[in-house]
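The residues making up each chain are set out below.
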Amino acid sequence: NRMHECFQSKHAGTATAAAFKRHNGVKTLMKILATKYISPHAKQSAARMLISHCVDNETYGVVVRTFEFGQHVVYCIEKPFDPEASGYGWCVWGGARVLCTLLLTVPELLENRSVLEIGSGVGLCGLFAGLLGAAKVTLTDYTPDLIETLNANVEIMTEANPSCRDRFHVRWLNWGDEEQAYTEATSQTGPTGEKDGETLSVGQKSWKQGFNIGLKDLDKFDVIIGSDLLYSEESPQLLASTIWRRLAPRGQCELLLPIRKPELLALFVDSCHQRGLCTKVEAKDDCATLREVQQDGYVFVGGVVLCHISRSLK
């Protein structure tokens, strides 16, 4: 509150405060403070990044962050926190950095495979998968603002890595549509049923932005990756339905999940089993990168787990 009062004050005359106000920082800061579903630590991190973004935007224009994993470098644009435009996908969260470090130890998982990143946000993990040798990487999220950011980050990465130019694709994906598809399929043809002949799902047909289309109904992927995806009461079932619909018959899904509420993880595992998916949950609290990102202000009170998910081969 003191931070808000400082920047709202008529007497705030410093260059930082002026840049903050010119780039609509006060309004965005109020949104951060009013958001119910992120921790005080996350709010502090968001506020710090918001201030930095406003000042850097004033000085340098769009700011690109650099992330290094082994010999690989990933570049990502981040935008100020705006829950209406980009939900929680506005920045690189600590869980994404942990997942990238873990993927670095198993490059064979991704090499020459088709990869889907769900809940991409700014796309760090998907972009990194492309550098590790994935044949095709599809980055997805659900708002125009996030799709625009993903497209920009793909452009930056392909400029730096021309050999990856045809590797990345950005698509719109609403988990609610995947849940609807699961409900319709199981009520009509059983748990493994699929409707043929429909090009786009109901929600995707309403997509009017013009620069991206959604996934096709029958699109499947060898590998699905994602991080920090259980953040609301609706997330577990919607996420399980998305994996059920998009994972290839012998595919593998790897999710790095900070545990904010243990009951959400339990519901997610149960929802996967209901959909014929096998899950193995592995604690990753001893990961060196986890300690590193916690030092940067990302505090995982409940620890983190790596979920390995595959289809049941009955």
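From a predicted model like this one, the values you see are computed outputs, not experimental measurements.

*Asks:* Tell me about helix α8 (residues 144-160), and name the residues and values.
*Replies:* Across its 17 residues, α8 extends 25 Å between first and last C-alpha, which sits within 8% of the 24 Å expected from 1.5 Å per residue. Among the residues of α8, those classed as buried are L146, I147, T149, L150, N153, V154, M157 and T158. Here the buried residues of α8 occupy an arc of 165° about the axis, which is enough to place them on one side.

*Asks:* Hey, could you go over unusual backbone geometry for me, with residue numbers and the actual values?
*Replies:* Within the chain, N112 stands out as a residue other than glycine whose phi angle is a positive 60°. Among the secondary structure elements, N112 is positioned in the loop between α6 (94-104) and β3 (114-117). Residue classification places N112 among the exposed positions, given a relative accessible area of 60%. Positive phi values are uncommon outside glycine, yet D228 reaches one of about 55°. Inspection of the secondary structure puts D228 in the loop between β6 (221-227) and α11 (235-246).

*Asks:* Could you give me a rundown of the pattern of salt bridges, with the residues and numbers involved?
*Replies:* Inspection of the entire model under this criterion finds six salt bridges. Of the charged contacts, one joins E178 and R245 as a salt bridge, the two residues approaching to 2.9 Å between their closest N and O atoms. Taken as a pair, E178 in helix α9 (residues 175-188) and R245 in helix α11 lie far apart in primary sequence, 67 residues in all. Among the ionic contacts, a cluster of salt bridges with common partners joins E178, D217, R245 and R246.

*Asks:* Explain the packing of aromatic side chains to me, and be specific about the residues and the numbers.
*Replies:* A complete count under the given rule lists two aromatic pairs for this structure. Relative to F128, the ring of F69 lies with its centre 5.1 Å away and its plane at 50°, an arrangement referred to as tilted. Of the two residues, F69 is situated in strand β1 (residues 64-69) and F128 in helix α7 (residues 124-131); the sequence distance between them amounts to 59 residues. Neither F69 nor F128 differs from the other in exposure class; each is buried. Geometry around Y182 places R275 over its ring, the cationic atom sitting 4.2 Å from the centre.

Here is what the cut-offs are and how they apply
Residues numbered from 1 in each chain as written. Predicted model: local features only at pLDDT ≥ 70, side-chain atom pairs only at ≥ 80, totals over all residues. Heavy atoms only, no water. Helix = DSSP H or I, 4+ residues; strand = E, 2+ residues; numbered from the N terminus. Expected span 1.5 Å × (residues − 1). Buried < 20%, exposed > 50% of the residue type's maximum accessible area, 1.4 Å probe, protein only. Arc of directions from axis to C-beta. Salt bridge = Lys/Arg side-chain N within 4 Å of Asp/Glu carboxyl O. Phe/Tyr/Trp six-rings, centres within 6.5 Å; stacked < 30°, edge-to-face > 60°. Lys NZ or Arg CZ within 6 Å of the ring centre and 35° of its normal.

Function-wise, these values are silent; they only describe arrangement.
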